[in-house]
Amino acid sequence: MDARAPSAAPAVTADDFLRVEGLGRAFNAQRPVFGGVSFGVARGEFVCIIGHSGCGKTTILNVLAGLDQASTGHVFMDGREVAGPSLERGVVFQGHALMPWLSVRRNIAFAVESRWPDWSRAQVQAQVQKYVAMVGLSAAIDKKPSELSGGMKQRVGIARAFAIEPKMLLLDEPFGALDALTRGTIQDELLAIVQRTQQTVFMITHDVDEAILLADRILLMRNGVELPDGRWRPGDIAESMRLGLPRSRTRATLHHTPGYYEARNHIVDFLVSRAHAA
Ligand SMILES: Nc1ncnc2c1ncn2[C@@H]1O[C@H](COP(=O)(O)OP(=O)(O)OP(=O)(O)O)[C@@H](O)[C@H]1O
């Protein structure tokens, strides 16, 4: 962000690639998890959402993926309303969700064949090899998931999501289960891939440094809370922080980047003192 500038309220503009308008989700009608959530994501933008457990991040991502239906509001991607799952959106969850009986090659080929049913075997194989190479796993292409480390499995999940060339990538804490070293390496890889491909990404993370490293913009989400007068205020997006750090940043240079500490302090202050406040 330009960390010294005040954070702007999130806004949707007509030419945003992804438009989320007035989204709400209630599992209990008296206490909606969140409501009135509106934000836009521009084509090629990397947006992270950060907030405490239970505020509704995964629920929002599931609605964007078309895996869950909102109680109120609408989501439009590339001008069309999201009304169900689609191969136009690639989703990566914390658990890699690979098919254990298939090799890396077959796991990814399965997705590629679903996306382009008319492709020849050679076309499918070329696509699979390209994206396996992108995540540095060519040597393991014929291994089964059980023969891979956690970090390698997560890489396969990322390769599979990129291989279908989705219009948008939705990442739900994709590195949450990894040790710090592996996580750092894959963060750098993802950053490099996104810089190359200009992929549009919406990502959930709990890790403040991860968000600052990867995102162009960070949405700060508040939890739903009971107000002193007994009314319920659903969760919402309290702020949209534009980072504006140079895209050439890496984990090694992040701490020396102007604006980094201001951004970090701002997010930590939000999480400590405002994310739960009535
Ligand atoms: N299918 C469901 N039925 C009932 N309640 C649900 C359902 N799915 C989610 N919830 C509730 O909605 C709230 C938000 O859940 P969600 O998983 O979206 O939060 P989150 O911000 O992603 O949390 P975390 O960071 O822990 O993953 C939680 O209180 C959760 O218990």
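Since we're looking at a predicted model, the values are computed, not measured. Sequence order sets the numbering: in each chain, residues are counted from 1 along the sequence as written. Whole-chain, interface and lining totals are the exception, using all residues; otherwise, since this is a predicted model, local features are given only for residues with pLDDT of at least 70 and side-chain atom pairs are given and counted only at 80 or more.

Novice: What am I meant to see in the overall build of the protein chain here?
Specialist: The helix and strand labels rest on DSSP assignments: H or I over at least four residues marks a helix, E over at least two residues marks a strand, and numbering proceeds from the N terminus. Check the secondary structure of the protein chain and you find 8 helices and 12 strands. Radius of gyration: over C-alpha atoms. The globule rule applied is 2.2 Å multiplied by the number of residues raised to the 0.38 power. The C-alpha radius of gyration computed for the protein chain amounts to 19 Å, which stays within 12% of the reference 19 Å derived for 278 residues, consistent with globular compactness. When the backbone C-alpha atoms are referred to their principal axes, the protein chain occupies close to 65 × 45 × 35 Å. Each residue is classified by how many other C-beta atoms fall within 10 Å of its C-beta atom, where C-beta atoms are placed from the backbone; a count of 20 or more means buried, 12 or fewer means exposed, and values in between mean partly exposed. Here the protein chain, with 278 residues, has 39% of them falling under the buried criterion. Contacts here follow a simple rule: the backbone-placed C-beta atoms of the two residues must lie within 7 Å. Of all intrachain contacts in the protein chain linking residues separated by at least 6 positions in sequence, the fraction that spans at least 24 positions is 71%.

Novice: Help me understand helix 5 (residues 180-197) in this model?
Specialist: Each α-helix winds once per 3.6 residues, and so residues spaced three or four apart point in a common direction. The length a helix should cover is 1.5 Å for every residue beyond the first. The terminal C-alpha atoms of helix 5 lie 25 Å apart, and with 18 residues this matches the ideal 26 Å at 1.5 Å per residue to within 8%. Buried within helix 5 are the following residues: Arg183, Ile186, Gln187 and Leu190. Burial along helix 5 is one-sided: seen end-on, the buried residues are contained in an arc of 110 degrees. Across helix 5 from its buried face, at more than 90 degrees, point the exposed residues Leu181, Ala192 and Arg196. The arc in question is formed by the directions pointing from the helix axis toward the C-beta atoms.

Novice: Mind showing me how you'd approach the domain arrangement of the protein chain here?
Specialist: It is common to give the size of an interface as the accessible area that goes away when the parts come together. Note that the domain bounds were set by an automatic or database domain assignment. Here the protein chain is described as being made up of domain 1 (1-88 + 168-278) and domain 2 (95-165). Between the C-alpha centres of domain 1 and domain 2 the distance comes to 27 Å. Facing the 11 residues of domain 1 at the interface are 13 residues of domain 2.

Novice: Help me understand the sheet that holds strand 4 (residues 72-77) in this model?
Specialist: Hydrogen bonds between backbone atoms are what pair the strands of a sheet, whose relative direction is either parallel or antiparallel. A pair of strands counts as paired when DSSP detects no fewer than two bridges linking them. Taken together, 4 strands build an open sheet; the order of strands is 2-1-4-5 and the sheet is antiparallel. This sheet does not close on itself; its edge strands, each paired only once, are strand 2 (34-41) and strand 5 (80-81). As paired elements, strand 1 (residues 18-25) and strand 2 share 5 bridges and run antiparallel to each other. Across the sheet, the residue bridging to Leu23 is Val37, located in strand 2. Helix 1 (residues 57-65) rests against strand 1, strand 2 and strand 4 of the sheet, and its axis sits at about 125 degrees to strand 1. Angles run from 0 to 180 degrees between N-to-C directions of axes, and those axes are lines fitted to C-alpha atoms, restricted for helices to the stretch in contact.

Novice: Would you take a moment to explain the pairing of strand 1 for this structure?
Specialist: Residues in a regular strand project their side chains so that they alternate between the two faces of the sheet. Bridge analysis of strand 1 against strand 4 gives 5 bridges, and the strand direction is antiparallel. Bridged to Glu21 within strand 4 is His74.

Novice: How should I be thinking about helix 8 (residues 260-274) in this particular structure?
Specialist: Between the first and last C-alpha of helix 8 there are 20 Å, a value that for 15 residues agrees with the 21 Å anticipated at 1.5 Å per step. For helix 8, the full list of buried residues reads Tyr260, Ala263, His266, Ile267 and Phe270. Along the long axis of helix 8, the arc covered by the buried residues comes to 140 degrees, so they all point the same way. For helix 8, the exposed residues set more than 90 degrees away from the buried face come down to Tyr261, Asn265, Val268, Asp269, Val272 and Ser273. Where helix 8 is buried, its residues touch strand 3 (46-50), helix 6 (208-214), strand 9 (217-222), strand 12 (236-242) and helix 7 (251-254).

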